[in-house]
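Chain and residue survey
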Amino acid sequence: MPEIESHRSIEYQVVDRGPQKEGFTVDKSPTEDGLEVSGVCPACHGRTTTPWSYGIAGGKGVFRKKRENAQPSGPRTVACECGYAHPNRPETAWNVGCGAYWTVELPS
Ligand SMILES: [Zn+2]
Ligand SMILES: [Zn+2]
C-alpha cells in the first residue's frame, strides 16, 4: 500500500492543521445514522478513517433530542487515527495516531 510506505513516524503532537479540502472523502452510510470521513493525515501522511454517528456520538443529551434535525453538514473536526504508535504518545490519548486534528467540510 503506497499510503503505508509514505507514513512518517513523527513525534506525537496535538496540532491544529486547519481545514482540509483535498484528499478527503465523506461516505454517507445508507443504513446507519452516521457517516465516515476518510483520507490521509496532513501531518504524518497515514491513512485515517473516522466514523461519525449522529445522535449517539459524544453522549451530549441535548443533541439527542434534536436527532432528526442533525443533518450531516458543515465543518467537522477529525483527529488522526492512522493506527501507528507515534513516539511520545501519551497513554491518555483516546485515538491511535499522531495527535494532529483538522476540519473537513461535509457535503450538505
Ligand atoms: Zn501516523
Ligand atoms: Zn497523523
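Presented here is an overview of the structure given in this document.

The rules behind these values
- Residues numbered from 1 in each chain as written.
- Chains lettered and ligands numbered in written order.
- Predicted model: local features only at pLDDT ≥ 70, side-chain atom pairs only at ≥ 80, totals over all residues.
- Heavy atoms only, no water.
- Donors = N, O, S within 2.8 Å, 3.2 Å for Na, K, Ca; no water.
- Tetrahedral: all angles 85-135°; square planar, octahedral: opposite > 155°, others 65-115°.
- Helix = DSSP H or I, 4+ residues; strand = E, 2+ residues; numbered from the N terminus.
- Buried < 20%, exposed > 50% of the residue type's maximum accessible area, 1.4 Å probe, protein only.

**Section: the coordination of the zinc ion (ligand 2)**
For the zinc ion (ligand 2), the protein coordination sphere consists of Cys 41 (SG), Cys 44 (SG), Cys 80 (SG) and Cys 98 (SG), at 2.2 to 2.4 Å. Around the zinc ion (ligand 2), the four donor atoms are arranged such that angles at the metal cover 104 to 116 degrees; this shape is classified as tetrahedral. Read from N- to C-terminus, the donor residues coordinating the zinc ion (ligand 2) fall into the pattern C-x2-C-x35-C-x17-C. Taken as an interatomic distance, the gap from the zinc ion (ligand 2) to the zinc ion (ligand 1) is 3.7 Å; Cys 44 donates to each of them. Of this pair, Cys 80 sits in the loop between strand S5 (74-79) and strand S6 (100-106) while Cys 98 is found in the loop between S5 and S6, placing the two residues 18 residues apart along the sequence. Given the relative accessible area of 0%, Cys 80 is considered buried.

Honestly, it's all geometry; don't read function into it.
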